[in-house]
Amino acid sequence: MHGVLAYCRAGFESECAQELGGHDRALACGGFARTRAGSAFVEFILADADTANRFDAAVRWRDLVFARQRLQLAARIDGLPERDRLGVLMPAIRAVGGPWCDAWIEAPDNDAARELAALCRSLNHALIAALKRERLIESTSSRRLHVCLVDARTAFVGSTRIDDAAPWPGGIPRLRFPSSAPSRSTLKLEEAFLTLLDAGERERWLRPGLHAVDLGAAPGGWTWQLVRRGLHVTAVDNGPMDAALLAGGLVTHLREDGFRYRPTQPVEWMVCDMVEQPRKVAQRMAEWLVGGWCRQAIFNLKLPMKKRHEEVMLCRRLVEQAVAASGRRLDWRARQLYHDREEITVFARCIAT
Ligand code: SAM
């Protein structure tokens, strides 16, 4: 079996498939997607190993918006017996090659498959032991083995290159909600920092003393993440901000319209979680970036419409064109985070050409 298996948010299978299909058309690979609404995964089938390798090399997981994880597919196994699943899986796993730095048995993030969590855990222990016995685990390997159990009898076997894959099983970072944060939205910005920036960027760009603007800040979950890292934050929102956050001394609350507010001095960061039409948000983000009012931006694009993939592409083009017209290039990293619902989160900045 050749192709890609992508994990996504349940209900976003067609967006994930459209995205893979767009890359496939650009590469003339001739693949096709198999999806089931609500399954939380997409199979993208390619004709042969050469085409699959070409697709895998050209389509980076990092560039996909709707895929939480992207595996290079090797096999689909149906009819796994209840008593000896590993006995049936192992020949298929040996046929893939190896060695691998690690092996994960995962289930897609849908209601039915969530009940497979205990089975995944116990099978995973047995699999690692078997792979070690056969010297198929090697810590220096650049590839990880994945087995995706879609139900108790059906599994996909695949692998990822660890330099271009989510470092969490299922592509899901398990973040703990900080008890002093004013809203659960705080986890979105924390995940965005983890997923959209690398370690060096986090260290350079999220230092104490830097300045940030948070548009649509109330009650303050995103501001909390910035303040936690020692940044000064101008929080723009007509709604009330968390009192404890304001008392900390790093936050200035302005009851103003986030679409009109403009800083008097350029700031390191602008973050924006205003609930508005994505095009209107993208337009305003472009003004901030092109105007040099911030160096970096992270913003949410809410997608309550039907044509969600098209809307994301349109927003990206809109910002890209504005940045290109200013003689620079856009660094755009977008993802539907685990903590995002009907929305995606984007990191953007301008780069000199
Ligand atoms: N990020 C926040 C947090 O972590 O607590 C949650 C933000 S909530 C999803 C959206 C906020 O945007 C609301 O508080 C709303 O008042 C604000 N908002 C919407 N339109 C706005 C505008 N034009 N100007 C300023 N704030 C706006």
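What counts as what
Residues numbered from 1 in each chain as written. Predicted model: local features only at pLDDT ≥ 70, side-chain atom pairs only at ≥ 80, totals over all residues. Heavy atoms only, no water. Salt bridge = Lys/Arg side-chain N within 4 Å of Asp/Glu carboxyl O. Buried < 20%, exposed > 50% of the residue type's maximum accessible area, 1.4 Å probe, protein only. Helix = DSSP H or I, 4+ residues; strand = E, 2+ residues; numbered from the N terminus. Phe/Tyr/Trp six-rings, centres within 6.5 Å; stacked < 30°, edge-to-face > 60°. Pairing = 2+ DSSP bridges. Axes fitted to C-alpha atoms, helices over the stretch in contact; angles between N-to-C directions. Contact = heavy atoms within 4.5 Å.

Enquirer: Can you break down the pattern of salt bridges residue by residue, with the values?
Expert: The tally for this structure, following the rule as stated, stands at 26 salt bridges. Lys280 is the partner of Glu276 in a salt bridge, and the nearest nitrogen-oxygen pair spans 3.5 Å. You can call Glu276 partly exposed: its relative accessible area is 29%. The class of Lys280 is partly exposed, set by a relative accessible area of 38%. The residue Glu320 makes a salt bridge to Arg316 at a minimum N-O spacing of 3.2 Å. Linking Glu320 with Arg316, this pair stays in helix α11 (residues 308-325), spanning 4 residues, or about one helical turn. The exposure class assigned to Glu320 is partly exposed, which follows from its relative accessible area of 30%. Take Arg316: its relative accessible area is 33%, and that puts it in the partly exposed class.

Enquirer: A description of the packing of aromatic side chains should follow, citing residues and the corresponding values.
Expert: Evaluated as defined, the whole model comprises 9 aromatic pairs. On the basis of an interplanar angle of 15° and a centroid distance of 6.0 Å, the ring pair of Phe12 and Phe66 is categorised as stacked. In this pair, Phe12 sits in the loop between β1 (3-7) and α1 (13-27) while Phe66 sits in the loop between α2 (49-58) and β4 (69-77), placing the two residues 54 residues apart along the sequence. The two residues Phe12 and Phe66 agree in class, both being buried. Plain terms: the ring middles of Phe299 and Trp332 are 6.0 Å apart, the flat faces sit at 70° to each other, and that makes the pair edge-to-face.

Enquirer: Lay out the sheet that holds strand β13 (residues 328-335) with the relevant residues and their values.
Expert: Strands sit in the order β10-β9-β8-β11-β12-β14-β13 across an open sheet of 7 strands; the sheet is mixed. The sheet is open, and its two edges are formed by β10 (251-254) and β13, each paired on a single side. Strand after strand, the sheet turns through a mean of 15° between neighbouring axes, direction not considered. Direction of pairing for β13 relative to strand β14 (residues 343-352): antiparallel, over a ladder of 8 bridges. Residue pairing across strands places Leu330 opposite Cys350, the latter belonging to β14. Strand contacts of helix α10 (residues 278-290): β8 (211-215), β11 (267-272), β12 (294-302), β13 and β14, with the helix running at about 180° to β12, the strand carrying the most contacts.

Purely geometric numbers; function is a separate question.
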